[in-house]
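Reading the structure
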Amino acid sequence: MAHSTSYPLIAPRSPVMSLTEVSGDFPNIWADFTNSGPHGRPWPMGKTHLIVHFPENVELPDMYTCSRPVDPYPYNTPGVHAEMNAIPYLENRGVKKVVMYLNWSPCSDCSSVLKAFVETKRSDPDFFLEIVFRGVYKIRRQSCTRKCNCQTVPGNSEGLYNLSLLEPVCTLRSFNRKDWQDLERLLDKKDPNIALEELSIHDQPTNDEMDVEIATDLVAILRNQYKGYMARPPIQDVALVPLKCMTGDIEGILDDFGSSGPHFYPNSKPRTHLILHFPRDDLQSMYTCTSFGFNETHAEKHAISYLKKRQETGRIVMYLNWAPCHGCSNALIALIQEKVSEPDFFLEIVFRGICYSRPSCTVHCGCFDENPEGLRELSSMKPYCTVRSFNRQDWKDLEGLLDNIERSHRESIDGDIAHDFRWMQYQ
């Protein structure tokens, strides 16, 4: 059957209660999802629908709910947003992986409630919430034109940004083609009376283009919030200082390491941290950072200046939350070439995340389209230097240096980063 480019509403039918339903309008879900997202339409474009899916627990019933707009529809009724109905359902279940499908992104209040819920689950290393939305709710954005009626409600952008900071416990993203397929299968399985075959728009180029547009808009929204965001004051931004002399939020450094990678997202903290450790000597471990983003003097430059002034021998471990950029990679190569005549010199560079564009990147990440040649050359400086990504022991060693602050880390992410780095090395 040829797919239509128009999205007619589905005729109302008696809702099937296969999905655990909370105050719903079940028959019109698919039409409202497909109609959410375009510019220039007056609000509301249908209700806000929310479906909670548990992909790893087939025995736990999926839940459906929606908001209830009021006549004449200027706003949704306070207190009955779809997200507000979903949270109590999730709080009363020992869930692990959760996928939350929304036809509109959360408002500022719902973002705050979702963030608070996720933070209560941080102690569970297996918990993961994926928030997937179709359209951006009341934020005027990059793709808006003079002809559209999109307006920004204060707090909505900041709410999305705060949600995006919950990586890797929670992921916020827009729809892609696979999401349409998964949602269609989910709804068709729960209510076979809905004629989805007449509205299957996930394979239409126009729908793909709209999803990419919304994903691009989300990146722009998060970047704008990121530019003005300073979560913590800089500890030191001009030189290396001994770890024992540091004053400030040491816990924040570990949080920045944990939130860096596998890809660079616009919501990432704007600091690059670097710690030099001298395992075989009595020298105090040193710390520096790039305080205000990637346009400032990079942390590696401070460390290189320090190492050039000292006649260090033996093994030196350099911990970074982001792999060196092209310029810093070349500067580190020059340093190593100067040190090759010193006995026992060995530099081990250990990084958490990679900000270079690579095959595992998606439209949702903000990785830089920069040539990783410098990083590849740096990784070939054996036997004087080793470049690698983090592993479990590195997390333990780093936490030991920073007063044994305990943290849980996802080994799967470290494995993904290591795989991406191997691809870069052999291109």
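Residues numbered from 1 in each chain as written. Predicted model: local features only at pLDDT ≥ 70, side-chain atom pairs only at ≥ 80, totals over all residues. Heavy atoms only, no water.

1. Quick look at the overall build of the protein
- Check the secondary structure of the protein and you find 12 helices and 12 strands.
- With 427 residues in all, the protein has 55% of them scored as buried.
- Residue pairs in contact within the protein that sit at least 24 positions apart in sequence constitute 76% of those at least 6 positions apart. (Helix = DSSP H or I, 4+ residues; strand = E, 2+ residues; numbered from the N terminus. Buried < 20%, exposed > 50% of the residue type's maximum accessible area, 1.4 Å probe, protein only. Contact = heavy atoms within 4.5 Å.)

2. Observations concerning the packing of aromatic side chains
- Counted by the stated rule, this structure contains 10 aromatic pairs.
- For the ring pair Tyr101 and Phe175, a centre distance of 6.1 Å and an interplane angle of 50° mean the geometry is tilted. Taken as a pair, Tyr101 in strand S4 (residues 97-104) and Phe175 in the loop between strand S6 (170-174) and helix H5 (177-190) lie far apart in primary sequence, 74 residues in all.
- Residue Phe175 is classed as buried on the basis of its relative accessible area, which comes to 2%.
- An angle of 50° between the planes, with centres 6.1 Å apart, marks the rings of Tyr319 and Phe390 as tilted. Here Tyr319 is found in strand S10 (residues 315-322), whereas its partner Phe390 is found in the loop between strand S12 (385-389) and helix H11 (392-401), with 71 residues between them in sequence. Accessibility classification places Tyr319 together with Phe390 in one group, the buried group.
- Three or more aromatic residues link up through ring pairs in this structure, and these residues are Trp30, Phe33, Tyr101, Phe175 and Trp180. (Phe/Tyr/Trp six-rings, centres within 6.5 Å; stacked < 30°, edge-to-face > 60°.)

3. Topic: the side chain of Lys121
- Structurally, Lys121 is set in the loop between helix H3 (108-120) and strand S5 (128-135).
- For the buried Lys121, no salt bridge exists, and the shortest N-O distance to an oppositely charged side chain is 6.2 Å, to Asp124.
- Beyond its immediate sequence surroundings of up to four residues, Lys121 is in contact with Leu90, Arg93 and Phe127. (Lys, Arg positive; Asp, Glu negative; His and termini not counted. Salt bridge = Lys/Arg side-chain N within 4 Å of Asp/Glu carboxyl O.)

4. Examining empty space enclosed by the protein
- In this structure the tally under the stated criterion is two cavities of 30 Å³ or more.
- Here the largest cavity defines a volume of roughly 60 Å³.
- Lining the largest cavity are 11 residues, and of these Thr48, His81, Glu83, Ser105 and Tyr137 lie nearest its centre.
- A per-class count over the lining of the largest cavity returns five nonpolar, five polar and one charged. (1 Å grid on protein atoms, 1.4 Å probe; cavity = no way out; pocket = protein on both sides within 12 Å on 5 of 7 lines; lining within 4 Å. Points joined across faces, edges and corners; volume = space filled by probe spheres on them. Nonpolar A, V, L, I, M, F, W, Y, C, P; charged D, E, K, R; others polar.)

5. Some thoughts on the packing of H3 against helix H4 (residues 156-164)
- At a closest axis distance of 8 Å, the pairing of H3 and H4 adopts a crossing angle of 20°. Relative to H4, H3 is oriented roughly parallel. Where H3 crosses over H4, the two elements pack in a sense that is left-handed. Residues Ser108, Ser111, Leu114 and Lys115 of H3 form the contact with H4, whose own contacting residues are Asn156, Gly159, Leu160, Asn162 and Leu163. (Axes fitted to C-alpha atoms, helices over the stretch in contact; angles between N-to-C directions. Parallel < 35°, antiparallel > 145°, perpendicular 65-115°, else oblique. Left-handed = near helix turned anticlockwise from the far one by under 90°.)

6. Thoughts on the environment of Tyr89
- On the secondary structure map, Tyr89 appears in helix H2 (residues 82-91).
- Between the alpha carbons of Tyr89 and Met63 there is a distance of 8.1 Å; along the sequence they are 26 residues apart.

7. Some thoughts on unusual backbone geometry
- The linkage connecting Lys382 with the following residue, Pro383, adopts the cis geometry, with an omega of 5°.
- Tracing the backbone shows Pro383 in the loop between helix H10 (373-379) and S12.
- Positive phi is not limited to glycine here, since Lys138 has a value of about 50°.
- Mapped onto the elements of the fold, Lys138 is located in the loop between S5 and H4.
- Overall, Lys138 belongs to the buried group, its relative accessible area being 18%.

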